[in-house]
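Residue strings, one per chain:
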Amino acid sequence: DEKQKVKSGYGSIIEAHDTLTRLLSNEPKIAKCHPPRLHMLDKCVCPAGSNWDGSACTQTLGEMFFYMYRAQSDHNYAMGNVDMADLAGVMYYLHHEIVKNNATPGVRMNGTTRIL
């Protein structure tokens, strides 16, 4: 089940993209989207928590699925009570905290080596 794969997490970015592509495969390709629909992979989709009913995005109740990421060192921490973010948030953190503030070439702040 595609939704279960998305829910289980710890997948790669490529797996997330492939899963999203499969989930959107039945949506028609549209060149321009009108709010509240969003343009994603050459398709128009409703925001998370809503579905297209043919004329509008209607809010749905129930589960929402999304990926959470964490930038960390090679040390393995339990995934409880840790800072996590969506992919855009982790990339922002890497750019502004790790790359921008890296005073010593070859040494990353907090020993960051990977994104989980």
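Student: Any chance you could explain the overall build of the chain here in plain terms?
Tutor: Within the chain one finds 3 helices and 6 strands. Each helix and strand of the chain, ordered N terminal to C terminal, gives the series α-α-β-β-β-β-β-α-β. The burial tally for the chain puts 19% of its 116 residues in the buried class. Total accessible area on the chain is roughly 8,700 Å²; 56% of this is exposed by carbon and sulfur atoms.

Student: For this particular structure, what's the right way to read a nonpolar patch on the surface?
Tutor: A cluster of nonpolar side chains, namely Phe66, Met68, Met79 and Met84, defines an oily patch on the protein surface of about 360 Å² accessible area. Locating methionine 84 in the fold gives a position in the loop between strand E5 (71-72) and helix H3 (87-99). Methionine 84 gets classed as partly exposed once you look at its relative accessible area, which sits at 34%.

Student: Sorry, what's going on with the state of the cysteines here?
Tutor: Joining two cysteines, a disulfide is a covalent bond between their sulfur atoms. Scanning all chains against the criterion turns up 1 disulfide. Between the sulfur atoms of cysteine 46 and its disulfide mate cysteine 57 the distance is 2.2 Å. With the S-S dihedral at roughly -85°, the linkage between cysteine 46 and cysteine 57 falls on the left-handed side. Taken together, the residues span a long stretch of sequence, with cysteine 46 in the loop between strand E2 (43-45) and strand E3 (50-52) and cysteine 57 in strand E4 (residues 57-59) at a distance of 11 residues. Of the two residues examined, cysteine 46 and cysteine 57, each falls in the buried class.

Student: Where do I start with the confidence of the model for the chain in this structure?
Tutor: Reading fine detail from the predicted coordinates is not recommended where pLDDT is low. This prediction gives the chain a mean pLDDT of 76; 79% of its residues lie at or above 70. Of all the helices and strands in the chain, helix H1 (residues 2-8) carries the lowest mean pLDDT, 49, while E5 carries the highest, 88. Counting interchain partners and residues more than four positions distant, the pLDDT-below-50 stretch residues 5-10 has 9 contacts.

Student: Explain the nonpolar core to me, please; I cannot follow it from the model alone.
Tutor: Looking at soluble globular proteins, one finds that nonpolar side chains tend to be buried together. Counting 6 residues, the largest nonpolar core consists of Tyr67, Tyr69, Ala71, Val90, Leu94 and Ile98. Among the elements that take part in this core, H3 stands out by supplying 3 residues, more than any other. Among residues more than four places away in sequence, those in contact with valine 90 are Tyr69, Arg70, Ala71, Ala85 and Ile115.

Student: What am I meant to see in the environment of lysine 32 here?
Tutor: If you trace the backbone, lysine 32 turns up in the loop between helix H2 (13-23) and strand E1 (38-40). Counting along the chain gives 12 residues from lysine 32 to cysteine 44, while the straight-line C-alpha distance between them is 7.7 Å.

Criteria and cut-off values
- Residues numbered from 1 in each chain as written.
- Predicted model: local features only at pLDDT ≥ 70, side-chain atom pairs only at ≥ 80, totals over all residues.
- Heavy atoms only, no water.
- Helix = DSSP H or I, 4+ residues; strand = E, 2+ residues; numbered from the N terminus.
- Buried < 20%, exposed > 50% of the residue type's maximum accessible area, 1.4 Å probe, protein only.
- Areas by Shrake-Rupley, 256 points an atom, 1.4 Å probe, with all protein chains shown as cover.
- Patch = residues over 30% accessible without salt bridge, like charges linked within 9 Å, V, L, I, M, F, W, Y side chains within 5 Å.
- Salt bridge = Lys/Arg side-chain N within 4 Å of Asp/Glu carboxyl O.
- Disulfide = S-S within 2.5 Å.
- pLDDT = per-residue confidence, 0-100.
- Contact = heavy atoms within 4.5 Å.
- Core = buried A, V, L, I, M, F, W, Y, C linked by side-chain atoms within 4.5 Å.

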